[in-house]
Structure formats: C-alpha cells, structure tokens
Amino acid sequence: MGDNAPMSYTITIENTGARFPAEENENILDAALRAGHIIPYSCRGGTCGSCAGKVVEGHIDYPQGEPPALNPTEKAVGQALFCQAQPRSDLVIEVREVRAADDIQPRKLPVRVIRKEQLAHDVVRLYLQPPGQQRLQFLAGQYVDILLKDGRRRAFSLANAPHDDEALELHVRHVEGGEFTAFVMTEMKEKALLRLEGPHGQFYLREDSERPILMMAGGTGFAPLKGMLEHAFHHGVQRPIHLYWGVRAKRDLYLDDLPRQWAEQHPNFHYTPVLSEPQPEDAWEGRTGLVHNILLQDHPRLAGYDLYLSGPPAMIHAATRDFSAHGMQDDRVFSDAFEFAADSRPGGG
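Residues numbered from 1 in each chain as written. Predicted model: local features only at pLDDT ≥ 70, side-chain atom pairs only at ≥ 80, totals over all residues. Heavy atoms only, no water.

A. Seen up close, the sheet that holds strand 10 (residues 143-147). Taken together, the six strands give an open sheet; going across it, the order is 11-10-13-8-9-12, and neighbouring strands pair in antiparallel fashion. Strands with a single pairing partner mark the edges of an open sheet, and in this sheet they are strand 11 (153-157) and strand 12 (168-173). Strand after strand, the sheet turns through a mean of 40° between neighbouring axes, direction not considered. Note that strand 10 and strand 11 share five bridges and pair antiparallel. Within strand 11, the position partnered with Val144 by the bridge is Phe156. Here helix 4 (residues 222-234) sits on the sheet and contacts strand 9 (123-129), strand 11 and strand 12; the angle it forms with strand 12, its principal contact strand, is near 155°. (Pairing = 2+ DSSP bridges. Helix = DSSP H or I, 4+ residues; strand = E, 2+ residues; numbered from the N terminus. Axes fitted to C-alpha atoms, helices over the stretch in contact; angles between N-to-C directions. Contact = heavy atoms within 4.5 Å.)

B. Seen up close, the sheet that holds strand 2 (residues 19-23). Spatially, the five strands line up as an open sheet ordered 2-1-7-3-5, and their pairing is mixed. Each end of this open sheet is capped by a strand with a single partner; those strands are strand 2 and strand 5 (79-81). Strand-to-strand twist in this sheet, taken as the mean axis angle between neighbours without regard to direction, amounts to 40°. Looking at chain direction, strand 3 (residues 52-57) and strand 7 (residues 91-94) are connected through three bridges and run antiparallel. Bridged to Glu57 within strand 7 is Val92.

C. Structural view of the pattern of salt bridges. As enumerated under the stated definition, the model contains 21 salt bridges in all. The salt bridge partner of Glu197 is Lys108, with a shortest N-O separation of 4.0 Å. Taken as a pair, Glu197 in strand 13 (residues 193-200) and Lys108 in strand 8 (residues 107-120) lie far apart in primary sequence, 89 residues in all. With its nearest N and O atoms 2.9 Å apart, the salt bridge here joins Arg153 to Asp145. Looking at Asp145, the relative accessible area reads 10%, which means it is buried. Residues joined by salt bridges that share partners form a network here, namely Arg115, Glu117, Arg125, Glu169, Lys226 and Glu230. (Salt bridge = Lys/Arg side-chain N within 4 Å of Asp/Glu carboxyl O. Buried < 20%, exposed > 50% of the residue type's maximum accessible area, 1.4 Å probe, protein only.)

D. Spatial organisation of the side chain of His292. For His292, the position within the fold is in helix 6 (residues 291-298). Apart from the residues within four sequence positions on either side, His292 is in contact with Met216, Ala318, Ala319, Asp322 and Phe323.

E. Representation of the packing of aromatic side chains. Using the criterion set out here, one finds 11 aromatic pairs in the structure. On the basis of an interplanar angle of 10° and a centroid distance of 4.1 Å, the ring pair of Phe222 and Trp245 is categorised as stacked. Here Phe222 is found in helix 4, whereas its partner Trp245 is found in strand 15 (residues 241-247), with 23 residues between them in sequence. The exposure classification of Phe222 matches that of Trp245, with both residues buried. A network of ring pairs unites the aromatic residues Phe222, Phe233, Trp245, Tyr254, Trp262 and Phe269 as a single cluster. We note Arg206 situated over the ring of Tyr204; from NZ or CZ to the ring centre the distance is 3.8 Å. (Phe/Tyr/Trp six-rings, centres within 6.5 Å; stacked < 30°, edge-to-face > 60°. Lys NZ or Arg CZ within 6 Å of the ring centre and 35° of its normal.)

F. Seen up close, the pairing of strand 13. The buried count for strand 13 comes to six of eight residues, which makes it a mostly enclosed element. Of the strand pairs in this sheet, strand 8 and strand 13 are connected by six bridges, and their pairing is antiparallel. When the bridges of strand 13 are listed, Pro110 appears paired with Arg195. Here strand 10 runs beside strand 13; their pairing, made up of three bridges, is antiparallel. When the bridges of strand 13 are listed, Ile146 appears paired with Leu196.

G. Representation of helix 7 (residues 313-324). Taking 1.5 Å as the rise per residue, helix 7 with 12 residues should run 16 Å; its terminal C-alpha atoms sit 16 Å apart, in good agreement. Among the residues making up helix 7, those that are buried are Met315, Ile316, Ala318, Ala319 and Phe323. Along the long axis of helix 7, the arc covered by the buried residues comes to 165°, so they all point the same way. Exposed side of helix 7, more than 90 degrees from the buried face: Ala314 and His317 are the residues found there. Check the buried side of helix 7 and you find it contacts strand 14 (213-218), helix 6, strand 18 (306-311) and strand 19 (333-337). (Expected span 1.5 Å × (residues − 1). Arc of directions from axis to C-beta.)

H. Seen up close, the packing of helix 4 against helix 5 (residues 257-265). Look at helix 4 against helix 5: their axes get within 12 Å of each other, and the N-to-C directions meet at 25°. It follows that helix 4 is roughly parallel to helix 5 by the angle criterion. Seen along the crossing, helix 4 lies across helix 5 with a hand that is left-handed. In contact with Phe222, Lys226, Leu229, Glu230 and Phe233 of helix 4, helix 5 contributes Leu258, Pro259 and Trp262. Along the lines of polarity and charge, the residues of the contact of helix 4 with helix 5 split into six nonpolar, no polar and two charged. (Parallel < 35°, antiparallel > 145°, perpendicular 65-115°, else oblique. Left-handed = near helix turned anticlockwise from the far one by under 90°. Nonpolar A, V, L, I, M, F, W, Y, C, P; charged D, E, K, R; others polar.)

Here it is as structure tokens:
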C-alpha cells in the first residue's frame, strides 16, 4: 500500500455480528451498503437522523462538519449519523439492519422527472429525482405509488437497484384507456413534478438463500427483475440465475441488449427471451411460445429453486398452476402481478 493510500478499517455491527470494511475517506453508510448490509437512511445529508446509531467502540470524524440532526447530548452518549461519519479506527457500532420490506417505512415525497426516454412503441422510461439530498430507501424489486391529484394512485415497480438511488427508474407501458399512462407517453415533459409514496410490496430479492434462481418476466415485468439483477451483480452474488423474458414480438424486448450484456459479463447468469407472436420482420430464430412453458422445458423439476415471477396476472396464474405440478415449493416462489386495466395497478408499465 502506498504512503498516500487511505486506511481501511473493520466495522462490526454489534447487534447482528455483521462485519464489513470501510475506507477512512468514505462514510459508514456507503461502506455498509457497498458490502450488502442495509441500514436505514433517508436524506444522506445529515439532516433527517434516519441513519442514527451508536458508536460502541472506536473513533469517528465528520470531515464536512457536525451534522445538523445530531445534538450535543446525543453525541455525548455515542450517537452518530452514519451517512456523514467516517471511521478513524476499527469500530463496533449499534444500528438497526433492514432485513425485510416491513423494516422500511413508506414515505411520501415530491420528485422531478429529470429524464424521459422512449424504450419501445408503448414503453417509456422515467427517471425521477427527489429534492436536494433526499433519497428513497427501498429493496430491489419493490414498487412506488404515483399519487394523482384526484386521489387515485398508479403503482410502478422500481427498475433500478438500491445502490443506484440518486434517481428512481420506472418503466411505464401505455395502457389502453389509461389516462395517466397516456399522459406520460404524450404530454409529460422533463422537469415535470410528481408526488409518490413508497416503497411498497413484498417482492424483493431474498438474500438469505443459497438456492439457484429462476426469474420469469412478462412484458414490463422485466422492470423489478432488472433492479434485482443489478443489485445481485453489484454485490457479487454467485448463485446461478436464469432470466426468461416473454413478450409478443421482437419490438417488445425493449432493453434486450442489457440482459445479453449481463450474460457475457457474469458466468452465473443466463438469459432466454421468448416471443409468443413473432412477426415476419422479426426473422426470429429464438424460442417461441408461452414463456412459462419454455421455462418448464428447460427446468422440468423446480424443487430446489427460488422463483421470481413478474408480469400480467394471467401469466402468473398459469405459471404457478403448472409449476406446482413440477415440484415448485410454495414458500420459495415470489411474484408480482401487474394489473394493466385502466383503473387498477399498471404495475411496472
């Protein structure tokens, strides 16, 4: 190590026994998230106090100055704000770890559309940014509700991973008769303001398992699985993962290059796109049919797998019915059914 290289310290979470490394020039929250240990946060700017915990042993410093949310009494008893605190020795800390969706309290906050991108003839990608240094904490695969002025809600899955939370990524599919999705497709401009509430849902990557993973998406059901996969790759998950993505025609594989790229970069990841109605212009030489049937052709025995299913209710109903006859274990299947009807949850699109 060179003379100017930053020191590295070991942080131990006393209440769980978890240990992770932290550089002297990074805050403890970032180090924890980088190592896959999720602790509560909200603003990342030292003003909200969500990331507060206790330093039981060791020394910390606040290079950017004392955070406003920490008062002298709290500091005197060892309280610290881990989004700002940097280690100056090995540390033993006390802090709550987020281990399930119920550990994260949903919040309402305004967001600005900082980017709008047409991904397909009927799919738009939105990037939404909270104000200032605010962040929305979530687990990979969860969703948010867009709060409309008339009191209605429209739910969309988060397509980005928690480590990449500067903006929230949504995949919005135009629904016939859907006023909000029509507005997004045709009228919504960049810099528009929206209000959302979240995160919601029990559809998230279970990291306490060593089982191989089978993922199946229908249409924009790809969105939450994208977030899960980017989270898994970021944290070096080595479990075998096979994604099956079913759509009608080739034009509906709106980010097809991305999973193909992942398959080249990660030996444990495999990708199978499936078209149910390939068009002559597609010149399709890949798999055709119903996506859950293709998955069963490749994996006729499902015992021993974790399954993640995301897409239209009819697809998920047919899949779970047929998968049950092939050894699927009910406690190891996780699903998110997107209601695409005009006045119900449009899900990820």
